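Observations on the model geometry
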Amino acid sequence: MMNKPEIFNRLKQGEIISPNDPEAYKMREASFATKALLLQINQSSNPTEIRDLLSGITASKIDESVTVFTPIYINYGKHTKIGRNVFINFNCTILDLGGVTIDDNVLIAPNVSLLSEGHPLNPKERHALIPKPIHIKKNAWIGANATILQGVTIGENAVVAAGSVVTKDVPDNTIVGGIPAKIIKTLE
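Since the model is a prediction, treat every value here as computed from it, not as a measurement. (Residues numbered from 1 in each chain as written. Predicted model: local features only at pLDDT ≥ 70, side-chain atom pairs only at ≥ 80, totals over all residues. Heavy atoms only, no water.)

Of note, Ser 164 is situated in the loop between strand E15 (159-160) and strand E16 (165-166). Owing to a relative accessible area of 0%, Ser 164 belongs among the buried residues under this scheme. Polar contacts involving the side chain of Ser 164 include one to the main-chain amide nitrogen of Gly 178, which spans 3.2 Å. Excluding its chain neighbours within four sequence positions, the residues that come into contact with Ser 164 are Asn 145, Ala 146, Thr 147, Val 176, Gly 177, Gly 178 and Ala 181. (Helix = DSSP H or I, 4+ residues; strand = E, 2+ residues; numbered from the N terminus. Buried < 20%, exposed > 50% of the residue type's maximum accessible area, 1.4 Å probe, protein only. Polar contact = N/O pair within 3.5 Å; in protein donor to acceptor, adjacent residues only side chain to side chain. Contact = heavy atoms within 4.5 Å.)

Alternating residues of strand E5 (residues 92-95) divide into Cys 92 and Ile 94, all buried, and Thr 93 and Leu 95, none buried. Where strand E2 (residues 72-74) lies against E5, three bridges are found, and the strand directions are parallel. Within the sheet, the bridge partner assigned to Ile 72 lies in E5 and is Cys 92. As paired elements, E5 and strand E8 (residues 113-115) share three bridges and run parallel to each other. Directly across from Leu 95, in E8, lies its bridge partner Leu 115. (Pairing = 2+ DSSP bridges.)

This part covers the sheet that holds E8. Spatially, E2-E5-E8-E13-E16 is the arrangement adopted by the five strands of the open sheet, whose pairing is parallel. Since the sheet does not close on itself, it has two edges, and those belong to E2 and E16, each with one partner. Here three bridges tie E8 to strand E13 (residues 147-149), and the two strands are oriented parallel to one another. Within E13, the residue paired with Leu 114 across the bridge is Ile 148.

Spelled out as structure tokens, the structure:
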């Protein structure tokens, strides 16, 4: 029998993970390890300490130009990549088993959810996990209370209006809004 790659690699590759997968327990263990660091990060008011803890959560260096207002909530962390000069406001939730990439100069307003994971619609399969990456390109602005769903790319310089639910890719230089989000305007 051929050995499957480790579960986190399979998630990153977009493999649907069944609830009875022999490695599924590793996702919960990793989430609780991340939660231990989140307890520390969410008690800190020191920007350097917050970046250092976030570096531990993401297993990548968070640049000193990044500002994160806590609390922040992340279920795994190692599939989150954050560029330079990024601002993340209070109460950001990142479910990153499918991968979340935030490019340089991105602004994320309060109460934003970045959800790279979903579940099948079929009730018999509902507990399976479907991972698909989220990519927020350079200089995008995600408005307050917006939700970005799995598999979505937010284009360069794009704006997601407050309260929007983004289910499809957003082209560069556009403003989208609503539920589901639709193009409102093209930026010049």
